[in-house]
Amino acid sequence: MLKQTDIQKTLSAFKPENFVFVISIDKNNKPNGMVAAWKTRISGTPPLYALALGQSSNTYKLIKKSKEFVIAVPNKSMEKAIKIFGHQHGDEIDKFKESKLTTIPAKKIKVPLIKEATICYECKLVNTIKTGSCNLVVGEVVVAHHNKKKKVILVMGKDKEGKRIFKEF
Ligand SMILES: Cc1cc2nc3c(=O)[nH]c(=O)nc-3n(C[C@H](O)[C@H](O)[C@H](O)COP(=O)(O)O)c2cc1C
């Protein structure tokens with residue numbers, strides 16, 4: 001039977017959840033990135049993606065300036081990097097150095113791809129929209145890259161200690 005419950009807890013109960021790495025660059029072309037689960041396609045033609053990024057995240061601030069970003073879909077080999085990219089801030093550490101993830105040049109934008117990722121989308125910023133604690137970042141996918149030998153990792157929920165459980169499909 002459906003029962004009325006706590007909104008925040010019930011929003012988090014909608015699992016499994018997929019997520020991406022969002023890569024940006026600073027004025028010296030140094031890359032940073034974050035993990036984002038709040039994202040969706042919002043148009044087929046043109047191909048648009050929307051990301052809800054925290055207003056204070058370094059990634060959001062960098063994308064506002066450079067007007068470009070990469071969406072990278074992770075797999076199991078990137079599991080360790082999720083902690084670094086999803087919990088640490090790019091103005092405090094070099095996440096690529098820390099995680100040992102490899103960057104490779106993109107085709108149409110200055111922001112690099114993640115070599116280890118399953119899919120990478122090169123995006124050009126179309127719009128930002130003020131929402132709540134996050135701002136919506138809308139980008140047009142201008143180039144797509146796919147390593148079809150690799151799978152995609154999802155968040156299945158949390159264990160008893162509150163640690164995220166990841167599974168690859
Ligand atoms: C699984 C997961 C999903 C996340 N999803 C989002 C998200 O959708 N939006 C967001 O703003 N932060 C999200 N975060 C948190 C950011 O990745 C985190 O705040 C990051 O440290 C920001 O880095 P930056 O300041 O270098 O940009 C998520 C973290 C994890 C682990």
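Our structure's up above, just so we're on the same page.
This write-up is about the structure you can find in this document. Quick caveat, the model's predicted, so the values are computed rather than measured.

## Some points on the environment of Leu-2
If you trace the backbone, Leu-2 turns up in the segment before α1 (7–12). We classify Leu-2 as exposed; it has 4 C-beta atoms within 10 Å. Considering only alpha carbons, one finds Leu-2 and Met-78, 76 residues apart in sequence, at a separation of 37 Å.

## Quick word on the sheet that holds strand β11 (residues 153–158)
Strand order in this open sheet of three strands is β1-β11-β12, and the pairing throughout is antiparallel. Each of the sheet's edge strands pairs with one partner strand only, and the pair in question is β1 (17–18) and β12 (164–168).

## Notes on helix α2 (residues 58–66)
Every buried residue belonging to α2 is among Thr-59, Tyr-60, Leu-62 and Ile-63, and all of these are buried. Each buried residue of α2 lies within a common arc of 165° when the element is viewed along its axis, so the set occupies one face. Elements that come into contact with the buried residues of α2 comprise β2 (20–25), β3 (31–36), β5 (48–54), β6 (68–73), β9 (119–130) and β10 (134–146). Immediately beyond the C-terminal end of α2, within one or two residues, lies Lys-67, with a positive phi of roughly 65°.

## Quick notes on the nonpolar core
A general feature of soluble globular proteins is that nonpolar side chains tend to end up buried together. Membership of the largest hydrophobic core comes to 35 residues, with the highest contact counts inside it found for Val-22, Val-70, Ile-71 and Ala-72. Contributions of two or more residues to this core are made by β2, β3, β5, α2, β6, α3 (79–87), β8 (113–114) and β9.

## A closer look at the site of the ligand
By nearness alone, 21 residues border the ligand, and Trp-38, Gly-54, Thr-59, Gly-86 and Gly-90 come closest of all. Those elements that place two or more of their residues in the shell around the ligand are β3, β5, α2 and α3. Element by element, the count of residues in the shell around the ligand is highest for β3, at four residues. Looking at side-chain class alone, the shell around the ligand contains 11 nonpolar, 10 polar and no charged residues.

The rules we used
- Residues numbered from 1 in each chain as written.
- Predicted model: local features only at pLDDT ≥ 70, side-chain atom pairs only at ≥ 80, totals over all residues.
- Helix = DSSP H or I, 4+ residues; strand = E, 2+ residues; numbered from the N terminus.
- Buried ≥ 20, exposed ≤ 12 C-beta atoms within 10 Å, placed from the backbone.
- Pairing = 2+ DSSP bridges.
- Arc of directions from axis to C-beta.
- Contact = placed C-beta atoms within 7 Å.
- Core = buried A, V, L, I, M, F, W, Y, C linked by C-beta atoms within 7 Å.
- Near = placed C-beta within 6 Å.
- Nonpolar A, V, L, I, M, F, W, Y, C, P; charged D, E, K, R; others polar.

Geometric values such as these leave the question of function open.
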